[in-house]
Amino acid sequence: MTDKELQLKSVHLRKNILKYIYMAKAGHTGGSLSCVDILNVLYNRVLNVDPHEFRKPDRDRYIQSKGHSVEALFVTLADRGFFPEADLETLCQHESHYIGHPTKKVNGIEQNTGALGHGLSIGVGEAIAAKLDGKTHRIYTLLGDGELPEGSNWEAFLSAAHYKLDNLYAILDYNKQQITGNNEEVMSLDSVRDKLESFGWAVKEVDGHNLIALEEALNKGPLVAGKPSFIIAHTVKGKGVSYMEGNIKWHHGVPTAEQYQLAMSELQEAEALI
Amino acid sequence: METGKIKSKDLKMGLANQVVFANTLEELAETNKDILVVTSDSRGSGKLVPFGQKYPDQIVEVGIAEQNLVGVAAGLASAGKKPFAVSPACFITARSLEQIKNDVAYSDNPAVMVGISAGVSYGALGTTHHSLHDFAVLRAINNISIIAPADNYETEQAVRYAADSNKPVYIRLGKKPMPSLKEDDLNFEFGKGRKITEGKDLVFIASGETVYPAWLAAKELEDRHGIKATVVSMHTIKPLDTDLLDSLAEYGAPIITVEEHMVNGGLGEACASHLMQKGHRNAFVMVGIPDEYTVTGSQVEIFNYYGISKEGLYSLGKEMLL
Ligand SMILES: Cc1ncc(C[n+]2csc(CCOP(=O)(O)OP(=O)(O)O)c2C)c(N)n1
Ligand SMILES: [Mg+2]
């Protein structure tokens, strides 16, 4: 896949996020649009995963700790062939396994997340197991910035550095917002870089919507040998739809018919510019 | 005493109980400056945005950190404040369970924990967001009471009770608008079940948002078969109103418990254990969420699937009697 095709895919995935949220009349719109470029790069450039034989022991792991942004994950997995996209027409319906958070009932999903602050500890466990077994696959987790105040994250940060888990990558979807408002108003994280470095992690900051920069950061092995890698991806909540960008109302907002059309035409324009 | 017919009119729909909670607290906080709301990025879901705007000095935000939420509430209570820690029921009673057990209950710091969007209110958000364990885990902890109000009136009374209490309290609330179940007889008493209808052919003991479908089923049973049922809102799950249970068992009628909770360790088992030990041998069925991978869907779909509905409870009542 060329870089251009990868960029086009990001737009396509954004459209699908909106399409299925609009259809289900439910979903975490802002956070899905904020992390979808990261998922696009992971699933199309980084992760060694096989949609047809997902549970291969040596696969790379992706654990989405900010489980509420499941729509971004669903559309990415569908696009990568883990299941037919049409399955998503049942999103949030009775007896569908495509619910508002990731579950292992869906092919391609590693863990049942949704309660924040769990993914990284599971990742630490997976990473320790890989080391014990002498395996070289990598473990990626995606964290929200609002999620970081969960104490369990900091327990996991300590243990990852203690066990020198350089097969573990935590990606922070740093959109600086959560439900109530900006991180700064709710619970300040400053400076997340300093905090992680002092916890013994190697840290790199990237533009979380620059696919090439993301690939650079995620695909070159550990940032520093012997240390877990922390990628601060600077993102915008609601990215790609002008009226959603940076507006907390879209954390779990569902567009009206009119808003949906407007969003789709904006994405259409973005596509034409690529 | 049988008091005859259930009101034939449909009940008047009110507000969601968690809205009533927020409104009541706002009123109380105006005069009681010790009242503090403690939130974990949860003020929007808790309908507490207006509270925060009106009383910025009476809200403490801890971010998404429910263990810290309850620990901080315990400290505030210890220092003489009246904290209401508010977070989705699934998180506040699981993530922060040890803080509830040790820092609130065991250390006797009279914080109030308010679990919002309880049970399966979050529907298709799935099991991470459901609280089907909270009665069970808190029943197994000494020095905390559990209140699951059925309607707006009970909610307001529960909040007033908790604000005055010098003991730890857990209040469990849903987010669906609830009708007022009984407009004439407004007697809420902490620790005492509230009879919504009376009849001696059948007994429904329900709590929270399941009292309403039990009421609807009782009405249907009376309208179609002349079966007169007692419907009790057992709003206080702990301490349980065992006197009322004894008097209900005396009817000799079948007893059906109904709860938005897993049947393991919930209201039904609490009732069953008392009745068994007292030697009552009424026919007894527990309706709730079974111990299985919960079916997906909205709250209503989940309720219908497991028979926590007018139709389900009506059929069960009929089956047990006819
Ligand atoms: C333990 C836990 N507490 C609370 C929530 C409710 N919740 C879901 S998303 C969210 C905000 C998350 O903010 P952030 O991590 O910044 O995500 P993003 O901005 O990427 O959507 C909250 C409070 C939850 N899912 N889990
Ligand atoms: Mg965020």
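Residues numbered from 1 in each chain as written. Chains lettered and ligands numbered in written order. Predicted model: local features only at pLDDT ≥ 70, side-chain atom pairs only at ≥ 80, totals over all residues. Heavy atoms only, no water.

1. Some points on the state of the cysteines
What counts here: By definition, disulfides here are pairs of cysteine sulfur atoms that lie within 2.5 Å.
As enumerated under the stated definition, the model contains zero disulfides over all chains in all. The thiol sulfur of A:C35 is not disulfide-bonded, and the nearest other cysteine sulfur, from A:C92, lies at 16 Å. In this model B:C90 remains outside any disulfide bridge; the closest cysteine sulfur is found in A:C92, 16 Å from its own.

2. Details of the interface of chain B and chain A
Put simply, the rule reads: Any two residues whose heavy atoms approach within 4.5 Å at even a single point are treated as in contact. Buried area is understood as the total, over both parts, of accessible area removed when two parts are fitted together, assessed with a 1.4 Å probe. When a carboxyl oxygen of Asp or Glu is within 4 Å of a side-chain nitrogen of Lys or Arg, the pair counts as a salt bridge. Contacts described as polar in this section are N or O atom pairs within 3.5 Å, which, within protein, must combine one atom able to donate a hydrogen with one able to accept it, while residues neighboring in sequence count only if both atoms come from side chains. Throughout this entry, Asp, Glu, Lys and Arg are counted as charged residues, while Ala, Val, Leu, Ile, Met, Phe, Trp, Tyr, Cys and Pro are counted as nonpolar. The remaining residues, Gly among them, count as polar.
Tallying the contact residues gives 22 residues for chain B and 29 residues for chain A. A buried area of about 2000 Å², summed over both sides, lies between chain B and chain A, and 55% of it is on carbon and sulfur atoms. Linking chain B to chain A there are one salt bridge. Note that B:R95 and A:E150 form a salt bridge whose closest N and O atoms lie 3.3 Å from each other. In this assembly, chain B and chain A are joined by 14 residue pairs in polar contact (both at pLDDT 80 or more). For the side of chain B that touches chain A, a count of residues per class yields nine nonpolar, seven polar and six charged.

3. What about the domain arrangement of chain B?
All names here are of chain B. Filter applied, for reference: Residue ranges for the domains originate in an automatic or database domain assignment.
According to the domain assignment, chain B consists of domain 1 (14-178) and domain 2 (183-321). Inter-centroid distance (C-alpha atoms) of domain 1 to domain 2 is 25 Å. In this complex, domain 1 contributes 37 residues to the contact, which on the side of domain 2 involves 33 residues. Contact between domain 1 and domain 2 buries roughly 2700 Å² in total, counting both sides, with carbon and sulfur atoms accounting for 60%. Taken together, domain 1 and domain 2 are joined by two salt bridges. The partner of R194 in a salt bridge is D151, with the nearest N and O atoms 3.3 Å apart.

4. Remarks on the layout of surface pockets
Gaps between atoms show up when a probe of the same size as a water molecule is rolled over them. Let me state the cut-off plainly: In this analysis, the protein atoms alone were mapped onto a 1 Å grid. Cavities are point sets where a 1.4 Å probe fits without being able to get out; pockets are open sets with protein on both sides within 12 Å along at least five of seven lines; lining residues have an atom within 4 Å of a point. Grid points are joined across faces, edges and corners, and a volume is the space filled by probe spheres set on the points. Secondary structure elements are defined from DSSP: runs of H or I of at least 4 residues count as helices, runs of E of at least 2 residues count as strands, and each element is numbered from the N terminus.
Of the volumes computed, that of the largest pocket is approximately 910 Å³. If you trace the largest pocket, you find 49 residues lining it, with A:H28, A:I179, A:H251, A:H252 and B:H129 closest to the centre. One number sums up the size of the second largest pocket: a volume of about 350 Å³. Around the second largest pocket, the lining is made up of 16 residues, and of these A:Q7, A:S10, A:R14, A:D37 and A:H209 lie nearest the centre. Counting only elements with at least two residues in the lining of the second largest pocket, the list comes to helix 1 (3-24), helix 8 (211-218) and helix 9 (257-273) of chain A. Element by element, the count of residues in the lining of the second largest pocket is highest for helix 1 of chain A, at five residues. Taken together, the residues that form the lining of the second largest pocket break down as six nonpolar, five polar and five charged.

5. Examining the UniProt feature "domain: Transketolase N-terminal" (unreviewed entry) in chain A
What counts, and what does not: UniProt positions are given in the numbering used here, feature names are shortened, and annotations may be inferred rather than shown by experiment.
Per the UniProt annotation, the sites labelled "domain: Transketolase N-terminal" (unreviewed entry) are residues 20-257 of chain A. Between the end C-alpha atoms of residues 20-257 of chain A the distance is 13 Å, and the span holds 33% helix and 12% strand.

6. Concerning the nonpolar core
All names here are of chain A. Here is the rule: We call a set of buried residues a nonpolar core when its members are Ala, Val, Leu, Ile, Met, Phe, Trp, Tyr or Cys and they connect through side-chain atoms within 4.5 Å of each other. Each residue gets one of three labels from its accessible area relative to the maximum for its type: buried under 20%, exposed over 50%, partly exposed in between, using a 1.4 Å probe on protein chains only.
Counting residues in hydrophobic clusters, the biggest one holds 54 residues, and the most contacted among them are L42, Y43, Y62, F74, F83, Y140 and I171. The element best represented in this core is helix 2 (residues 29-46), accounting for nine residues. Those residues in contact with Y140, other than ones at most four positions away along the chain, are L42, V46, L47, R61, Y62, I63, Y169, I171 and L218.

7. Comments concerning the coordination of the magnesium ion (ligand 2)
Residues and elements named next belong to chain A. Cut-off, in case you're wondering: Sites may look incomplete because water is not among the atoms; the donors themselves are N, O and S atoms within 2.8 Å of the metal, or within 3.2 Å for Na, K and Ca.
Only D145 (OD), N175 (OD1) and Q177 (O) from the protein reach the magnesium ion (ligand 2) as donors, at distances of 2.0 to 2.1 Å. Donor residues binding the magnesium ion (ligand 2) come from one chain and are separated in sequence as D-x29-N-x1-Q. With D145 in the loop between strand 2 (139-144) and helix 5 (151-162) and Q177 in the loop between strand 3 (168-174) and helix 6 (183-186), this pair connects stretches of sequence that are 32 residues apart.

8. A few points about the packing of helix 1 of chain A against helix 3 (residues 70-79) of chain A
Residue and element names in this part refer to chain A. Heads up, the condition is: The axes are straight lines fitted to the C-alpha atoms, using for helices just the contacting stretch, and the angles between their N-to-C directions are given from 0 to 180°. Roughly parallel covers angles under 35 degrees, roughly antiparallel covers those over 145, roughly perpendicular covers 65 to 115, and oblique covers all other angles. Handedness of each helix crossing follows the sense of rotation of the near helix against the far helix: counterclockwise by less than a right angle gives left-handed, clockwise gives right-handed.
At a minimum axis separation of 9 Å, helix 1 and helix 3 run at an interaxial angle of 120 degrees. Taken as axis vectors, helix 1 and helix 3 run oblique relative to one another. Between helix 1 and helix 3 lies a crossing whose hand is right-handed. Between helix 1, through K9, H12, L13, N16, I17, Y20 and I21, and helix 3, the contact on the second element is made entirely by E71, A72, V75, T76 and D79. Grouping the amino acids of the contact of helix 1 with helix 3 by side-chain chemistry returns six nonpolar, three polar and three charged.

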